[in-house]
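These are the residues of each chain, in order.
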Amino acid sequence: MPHLEEYRRKRDFSRTTEPSGEGSESGEEPGFVVQKHDASNLHYDIRLEINGVLVSWAVPKGPSLNPKVKRLAMPTEDHPLEYAGFEGVIPEGEYGAGTVMVWDRGTYENLRDDMSMEEALSDGKVEVRLWGEKLEGGWAFIRTGSGDNARWLLIKMDDEHADRSGDILDARPDSALTGRSLDEIQKEEG
Ligand code: MN
């Protein structure tokens, strides 16, 4: 069974429109989502489907297509699979209050063919090929340090989808699901 206790404990589903995860179903290919989350600090939540849940990291500065840039990625609680389709406003006073946008969404492939995604997570080195609308090609999540000092870094692998010149966060700021901006989502769903 998916481990969503922490996710559910933090939320009051009579108040937030986020999914409770009761009906999680997986498709053929594992999915990923990047949600732009305008909470107390604007950040990007990157989630990979692994064994029936979305394993999640909060990336304060968001992903960069430049392979020389390492972005801090802080592990957060597993989310239900339906969360990949969640775009809306979490009410004031609730956990994660603020506007959530589906900034990118797609499927991925495990590039560590010597091990499963779960094993790669425990090994502290996750390498995936993303098939999103904005993020494509190889990406690495690398754990440094251990215990409470463990930190993950998100790094674009150097391939034909790398880009050292622009900033994809500025170039393509809107929803991959609905084309809406954060302001539009906030006005329409808030
Ligand atoms: Mn968040």
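Read on for an overview of the structure. What you see is a predicted model; the values in this text were computed from it and never measured.

1. Things to note about the coordination of the manganese ion
Looking at the manganese ion, the protein donor atoms are His 37 (ND1), His 43 (NE2) and Asp 45 (OD), and they sit 2.2 to 2.3 Å from it. Mapped onto the polypeptide sequence, the residues donating to the manganese ion form the spacing pattern H-x5-H-x1-D. His 43 carries the same exposure label as His 37, and that label is buried.

2. Considering the pattern of salt bridges
Evaluated as defined, the whole model comprises 15 salt bridges. Note that Glu 94 and Arg 15 form a salt bridge whose closest N and O atoms lie 2.7 Å from each other. Taken together, the residues span a long stretch of sequence, with Glu 94 in the loop between strand E5 (88-90) and strand E6 (98-110) and Arg 15 in the loop between helix H1 (5-9) and strand E1 (31-38) at a distance of 79 residues. Overall, the relative accessible area of 43% leaves Arg 15 in the partly exposed class. Ionic pairing is found between Arg 180 and Glu 87, a salt bridge with its closest N-O pair at 3.0 Å. Of this pair, Arg 180 sits in the loop between helix H3 (168-171) and helix H4 (182-189) while Glu 87 sits in the loop between strand E4 (70-79) and E5; the two residues are 93 residues apart in sequence, bridging distant segments of the chain.

3. As for the packing of aromatic side chains
Here the structure, examined in full by the defined rule, presents six aromatic pairs. These aromatic residues form a ring-pair network of at least three members: Tyr 7, Phe 13, Tyr 83 and Phe 86.

4. Here's the deal with the side chain of Arg 112
As for its placement among the helices and strands, Arg 112 is situated in the loop between E6 and helix H2 (117-123). In terms of polar contacts, Arg 112 uses its side chain to reach the backbone carbonyl oxygen of Lys 125, at 2.8 Å. When neighbours within four sequence positions are excluded, Arg 112 is seen to be in contact with Ala 120, Asp 123, Lys 125 and Glu 127.

Calculation notes
Residues numbered from 1 in each chain as written. Predicted model: local features only at pLDDT ≥ 70, side-chain atom pairs only at ≥ 80, totals over all residues. Heavy atoms only, no water. Donors = N, O, S within 2.8 Å, 3.2 Å for Na, K, Ca; no water. Buried < 20%, exposed > 50% of the residue type's maximum accessible area, 1.4 Å probe, protein only. Salt bridge = Lys/Arg side-chain N within 4 Å of Asp/Glu carboxyl O. Helix = DSSP H or I, 4+ residues; strand = E, 2+ residues; numbered from the N terminus. Phe/Tyr/Trp six-rings, centres within 6.5 Å; stacked < 30°, edge-to-face > 60°. Polar contact = N/O pair within 3.5 Å; in protein donor to acceptor, adjacent residues only side chain to side chain. Contact = heavy atoms within 4.5 Å.

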